[in-house]
Amino acid sequence: MKTLRLKPGKERSLQRRHPWVFESAIARGGADSGETVRVESHDGAFLAWAAFSPESKIRARAWSFTETQRIDAAFLASLCARAVAARGLFDLQSDGVRLVHGEADGLPGLIVDRYGDTLVAQFLSAGVERWKGALADALLKATGLSKLYERSDASGREREGLKPVTGWLRGEGPTEIVIREHGWKLSLDIATGHKTGFYLDQRDSRQRFAELAQHRRFRRVLNCFCYTGGFTVAALAGLKAAGALEGAQLVSVDSSLPALERARGHLALNGFDAAGGQGIEAEFLDANVNTVLREFIEQGRTFDAIVLDPPKFAPTVAHAERASRAYKDINRLALKILEPGGVLLTFSCSGGISADLFHKIVASAGLDAGVDGYIAERLGAAPDHPMTIEFPEGEYLKGLVVVRKPA
Ligand code: SAH
């Protein structure tokens, strides 16, 4: 068995069950990519079994903190089965579900989403790459399904020295899938969509937006960074439930044309008439959100609901400062065109920006915009994207519902 000997004082993080061993903590030792190593303290005490990543700054990721635990296919299968079983504890109201959420499920670097009867997996660390076959079999067994598509083309793979891989790993089927989320339908393509095809983590916030639309009968909605229009469909569903579709105007903005085309298609898929038949006016703008916000300010165009769900501006804390300015900028611009009494749903999915910092950024954007607001609610990733106590990095997605004080 190969070992990794840590430097004195570097054992604390593993003792607290944080699963990462950084390159800088290691005194000596090594192994092949993904191979299991025994991690020990400077005086040889057992700390963890971990998968070795020779090319990554995160040089090893823990599988287990129990010395007697064998790291084998049966053990990994038990982790998969537990992760799948845990999802049954939540009332997710969707057949698009995150089944495995990496570190939170004891499987560092493994992401598995279920879309209907198809699994889509990302193997993003050397450890899960090495055990790929066993994990794929275990996931199908735990779910009783037969199709698993691999989307190991996320940027994290490069840092592990792994090449991008995509395609069917088990079984075969259509890559175009329609899921049901809450009451509505959403289509995605697991081969070409972002991440594994869809942003499942925003499921509860989309539902919340639908409720707000129903209660407040939004007239003018602006969905920025809309991807395939999930929040737009949610708003329409809420307005329909309130009997308030007539006269509603919805603007959805994204810089990805295929995503926007799908967003437009989602209206028809859900029985909404984008051509104006129900009195709805729906615009889909293939544009940079920054530019659009500035144009709307110039035109004096305002909204009573705005969603800001940008991509990750700060993947790590090192990017936090520049990212903070970018977040502040879009929030400031959005608040300027928010009507008094209007609602802003604003998000950050950057691991490098804490919930606290995000709150401060949005508050300071309000100050600069000269807009008084209440932070009415805090939002986060849906419960199938859990956080664990040991791994605070798991809290990546945070959102705020800001209500502009009425005039
Ligand atoms: N709210 C969406 C997910 C948004 S993901 C949902 O619920 O599904 C972020 C989106 O921002 C992506 O679709 C990406 O294409 C888009 N994007 C990134 N930079 C952009 C920019 N500068 N202007 C407009 N869209 C941008």
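About the thresholds
Residues numbered from 1 in each chain as written. Predicted model: local features only at pLDDT ≥ 70, side-chain atom pairs only at ≥ 80, totals over all residues. Heavy atoms only, no water. Pairing = 2+ DSSP bridges. Helix = DSSP H or I, 4+ residues; strand = E, 2+ residues; numbered from the N terminus. Axes fitted to C-alpha atoms, helices over the stretch in contact; angles between N-to-C directions. Contact = heavy atoms within 4.5 Å. Disulfide = S-S within 2.5 Å. Buried < 20%, exposed > 50% of the residue type's maximum accessible area, 1.4 Å probe, protein only. Domains from an automatic or database assignment. Buried area = accessible area lost by both parts, 1.4 Å probe. Salt bridge = Lys/Arg side-chain N within 4 Å of Asp/Glu carboxyl O.

(A) Molecular detail of the sheet that holds strand S10 (residues 147-152). Sheet architecture is open: five strands sit in the order S7-S8-S9-S10-S11, paired in mixed fashion. The strands lining the two open edges of the sheet, one partner per strand, are strand S7 (96-101) and strand S11 (165-170). Strand after strand, the sheet turns through a mean of 20° between neighbouring axes, direction not considered. Looking at chain direction, S7 and strand S8 (residues 110-115) are connected through five bridges and run antiparallel. Paired with Gly96 across the two strands is Tyr115, which belongs to S8. The sheet strands contacting helix H4 (residues 132-143) are S7, S8, strand S9 (118-123), S10 and S11, and the helix crosses S11 at an angle near 55°.

(B) How the structure looks around the state of the cysteines. For the coordinates displayed, the defined rule picks out zero disulfides. Looking at Cys349, it has no disulfide partner, and the nearest cysteine sulfur is the one in Cys224, 15 Å off. For Cys349, a relative accessible area of 15% corresponds to the buried category.

(C) Up close: the sheet that holds strand S5 (residues 46-52). One open sheet holds the six strands; their spatial order is S2-S6-S5-S4-S1-S3, and the pairing between them is mixed. The sheet is open, and its two edges are formed by strand S2 (20-22) and strand S3 (26-29), each paired on a single side. Strand after strand, the sheet turns through a mean of 35° between neighbouring axes, direction not considered. Two strands pair when backbone bridges link them, and strand S4 (residues 36-40) and S5 are joined in this way by five bridges, in the antiparallel orientation. Residue pairing in the sheet places Val39 in a bridge with Ala48 of S5.

(D) Structural context of the pairing of S8. Buried residues dominate S8, accounting for five of its six residues. Bridge count between S8 and S9: six bridges; the pairing is antiparallel. Paired with Asp113 across the bridge in S9 is Val120. Counting the residues in the hairpin turn of S8 and S9 gives two residues, including Gly116, whose phi is positive at 60°.

(E) Main features of the domain arrangement of the protein chain. We note that the domain assignment places domain 1 (2-64), domain 2 (73-179) and domain 3 (199-404) within the protein chain. Distance between the C-alpha centres of domain 1 and domain 3: 41 Å. At the junction of the two partners, domain 1 supplies five residues and domain 3 supplies four residues. Of all residues in domain 1, Arg17, His18 and Trp20 give up the largest surface area on contact with domain 3, accounting jointly for 79% of the area buried on that side. For the interface between domain 1 and domain 3, the tally reads zero salt bridges.

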